[in-house]
Amino acid sequence: MARDTSHADEPVAARPMAGAVKIALLLAAAGLLIAAPFFLYPIFLMKLLCFALFAAAFNLLLGYTGLLSFGHATFFGGSAYFTAHAVKVWGWPPEFGILLGVAGAAALGLVMGAIAIRRQGIYFAMITLALSQMFFFFCLQAGFTHGEDGIQSVPRGHLFGVIDLSQTTNMYFFVLAVFALGMLVIWRFVNSPFGMILKAIRENEARAISLGYSVAEYKLGAFVMSAALAGLAGGVKALVFQFATLTDVTWQMSGEVILMTLLGGIGTLVGPVVGAGLVVTLQNYLATSDFPVTIITGLVFMACVLVFRRGIVGEFYASRLGRALGFTSER
Amino acid sequence: MGMVADHEPRVVLSARGLGKDFGGFTAVNNVNLDVQHARIHALIGPNGAGKTTVFNLLTKFLQPTRGQITLLGTDITRTRPDKVARMGMVRSFQISAVFPHLTVLENVRVALQRPAELAVQFWRPLKTLNQLNGRAEVLLEDLGLTRWRDARAADLSYGRKRVLEIATTLALDPEVLLLDEPMAGMGQEDVRMVAEIIREVARHRAVLMVEHNLSVVADICHQVTVLQRGEILAHGDYATVSADPRVRSAYMGTED
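Residues numbered from 1 in each chain as written. Chains lettered and ligands numbered in written order. Predicted model: local features only at pLDDT ≥ 70, side-chain atom pairs only at ≥ 80, totals over all residues. Heavy atoms only, no water.

Colleague: Just give me the short version of the UniProt feature "transmembrane region" (unreviewed entry) in chain A, but keep the residues and values in it.
Modeller: Residues and elements named next belong to chain A. The UniProt record annotates "transmembrane region" (unreviewed entry) at residues 20–41, 48–76, 96–115, 122–144, 171–190, 220–245, 257–279 and 291–312. A helix fraction of 66% and a strand fraction of 0% characterise residues 48–76, whose end C-alpha atoms lie 14 Å from each other. Counted over residues 171–190, helix gives 100% and strand 0%. Its end C-alpha atoms are 29 Å apart. (UniProt positions renumbered as here; feature names shortened; annotations may be inferred. Helix = DSSP H or I, 4+ residues; strand = E, 2+ residues; numbered from the N terminus.)

Listed below in structure tokens is the structure:
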């Protein structure tokens, strides 16, 4: 085995700056997020983090598996209902409420994925859309979701029985921790033996099959993981707003997360976070102005598609500066 | 290796009455084929004769309309293509099938991951896969790819991509190897090298290859099956087949 020690490392040697730059940027981002609630409205920041995680979870599928799901609101909004119900009606502590939301979203993902996964492209998207519409009507009709009213005044409770989450600062750092954990899971997932096979499948599916990989099962694994993480974001959001609502299971929500991911740049870890930040910020500022929100976000989206085909982050990675700093984009 | 068995002809892959219809069009009809261990079997024929369709049927990328396929004594007529690969029959593709954005080493490692049971771990770091580097590097060295170990597959020359594809296929140590035009579009140098590689790997496994380069077929293949319009026109060793007037008229299109 003397062979593998001679050059055991990946070929990063060609861009020695990459590691240092990435760590510096990561630390800067962490610093900003820790300081942010003292300067900006914390609820807004928490909303931003929830949507950022949602978009990053969605990107696991679109960017790293090559599947366009048009039903991700099911996992986001569904999990919000499960968490809210468990915490409010059953009196569960918040951490278990969120875990239930994640498990519920993963189960829904398993069902939706198992039905849709053998179809390609637009057919896959249409099946996920149809199934998520069915789930929407279920939420509209089911008793525990309270229809148009949603589940209101959900108590945030005490994390691990100690930390009072009704304190906004406590809640913010809890959300930040969940976000960081979610991003870490995604990063590990992408950079793992499983992630390598996903990449191979995306690059040449027929070849992956001819090497003996049961491609559908790998895609289903990624689908369930993506659904579970979207559920994590949704469950936390229900606690942030103390509210689980029909809005979060609509097809518009599924569309919004696609928009965020494309805006930021698919196939990059940071892209969906930036895209979500942009969309949520625009919505927040435009909500108080006279401009119609959907038209403005639509225009921004059109501009991005025309000018930044790879999304904001994707375009930066592909630029001369990005490449000099050692970034590579998946696409 | 099996010192005794290698000179005894042993059929590892066989097709009986194989046929495929697309709508009303019969692309392949009544194809019988026996591929033997430690032999190189060529499938030749003019363009559109159905060679690639036969490949797709044998490897189950297409479901046959008629007939039966047996691999290593097991009926695989209704088996899924990934299962067929796991049973020991691995194919290459007409258009070079590499993973373009992976490095040469990673390409080979992807093939090694599944047998090494390092394919589903989503919680382990990427460097877990470095334990496969040793085996991958031996394969790269055998096929003369060591210099390009860390190059992206997309940046290789066409000929080297094909060689990488063979390296990746061999990583699975398949019992039966199906190569779809392994030398198409290669220069003379590369053709000689790849022919030598195929001859070498066929010492311990069966090879079925589609090939247009008849001098290669004459040189390395033990058996030749000629297809025309989806049916078998002739079968035998190269000398027999090339002397057959029907083959000459069908394949060259010039003879009386």
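Don't stop here, the text continues.
Colleague: Lay out the domain arrangement of chain B with the relevant residues and their values.
Modeller: Along its sequence, chain B is organised into domain 1 (5–97 + 176–252) and domain 2 (99–155). For domain 1 of chain B versus domain 2 of chain B, the distance between C-alpha centres works out to 28 Å. (Domains from an automatic or database assignment.)

Colleague: Which residues make up the packing of aromatic side chains, and what values go with them?
Modeller: Counted under the stated rule, the structure contains 17 aromatic pairs over all chains. On the basis of an interplanar angle of 45° and a centroid distance of 5.3 Å, the ring pair of Phe51 of chain A and Phe76 of chain A is categorised as tilted. A residue pair is termed long-range when its members are at least 10 positions apart, and Phe51 of chain A in helix α3 (residues 42–62) and Phe76 of chain A in helix α4 (residues 73–88) qualify at 25 residues. Across the pair, exposure class does not vary: Phe51 of chain A and Phe76 of chain A are buried alike. Ring pairs connect the aromatic residues Phe189, Phe194, Tyr213 and Tyr218 of chain A together with Phe122 and Trp123 of chain B, which therefore count as one cluster. Directly above the aromatic system of Phe93 of chain B lies the positively charged group of Arg91 of chain B, at a separation of 4.3 Å from the ring centroid. Just above the ring of Tyr213 of chain A sits the side chain of Arg114 of chain B; from NZ or CZ to the centre is 5.9 Å. (Phe/Tyr/Trp six-rings, centres within 6.5 Å; stacked < 30°, edge-to-face > 60°. Buried < 20%, exposed > 50% of the residue type's maximum accessible area, 1.4 Å probe, protein only. Lys NZ or Arg CZ within 6 Å of the ring centre and 35° of its normal.)

Colleague: Could you give an account of helix α6 (residues 188–201) of chain B, naming the residues involved and the relevant values?
Modeller: Since the α-helix turns once every 3.6 residues, residues separated by three or four places project in the same direction. Residue and element names in this part refer to chain B. The terminal C-alpha atoms of α6 lie 20 Å apart, and with 14 residues this matches the ideal 20 Å at 1.5 Å per residue to within 8%. Along α6, the residues that are buried comprise Val191, Val194, Ala195, Ile197, Ile198 and Val201. Projection of α6 onto a plane perpendicular to its axis shows the buried side chains occupying an angular sector of 160°, all on one side. In α6, the exposed positions angled more than 90 degrees off the buried face are occupied by Gln188, Glu189 and Arg192. At its buried positions, α6 is contacted by β3 (40–44), α5 (158–170), β7 (176–180), β8 (206–210) and α7 (214–220). (Expected span 1.5 Å × (residues − 1). Arc of directions from axis to C-beta. Contact = heavy atoms within 4.5 Å.)

Colleague: Describe the interface of chain A and chain B, and please don't skip the residues or the numbers.
Modeller: Counting residues at the interface gives 32 residues for chain A, matched by 47 residues for chain B. Here chain A packs against chain B, burying approximately 3400 Å² in sum over the two surfaces, 60% of which is carbon and sulfur. In this assembly, chain A and chain B are joined by 1 salt bridge. As a salt-bridge pair, Arg80 of chain B and Glu217 of chain A come within 4.0 Å of each other at their nearest N and O atoms. Summed over the shared surface of chain A and chain B, the result is 15 residue pairs in polar contact (both at pLDDT 80 or more). Among the elements of the structure, α1 (2–6), α7 (168–190), α8 (193–203), α9 (205–210) and α10 (215–241) of chain A are those that each provide at least two residues to the side of chain A that touches chain B. At 7 residues, α8 of chain A tops the list of elements feeding residues into the side of chain A that touches chain B. Of the residues in the side of chain A that touches chain B, the class split is 16 nonpolar, 7 polar and 9 charged. (Buried area = accessible area lost by both parts, 1.4 Å probe. Salt bridge = Lys/Arg side-chain N within 4 Å of Asp/Glu carboxyl O. Polar contact = N/O pair within 3.5 Å; in protein donor to acceptor, adjacent residues only side chain to side chain. Nonpolar A, V, L, I, M, F, W, Y, C, P; charged D, E, K, R; others polar.)

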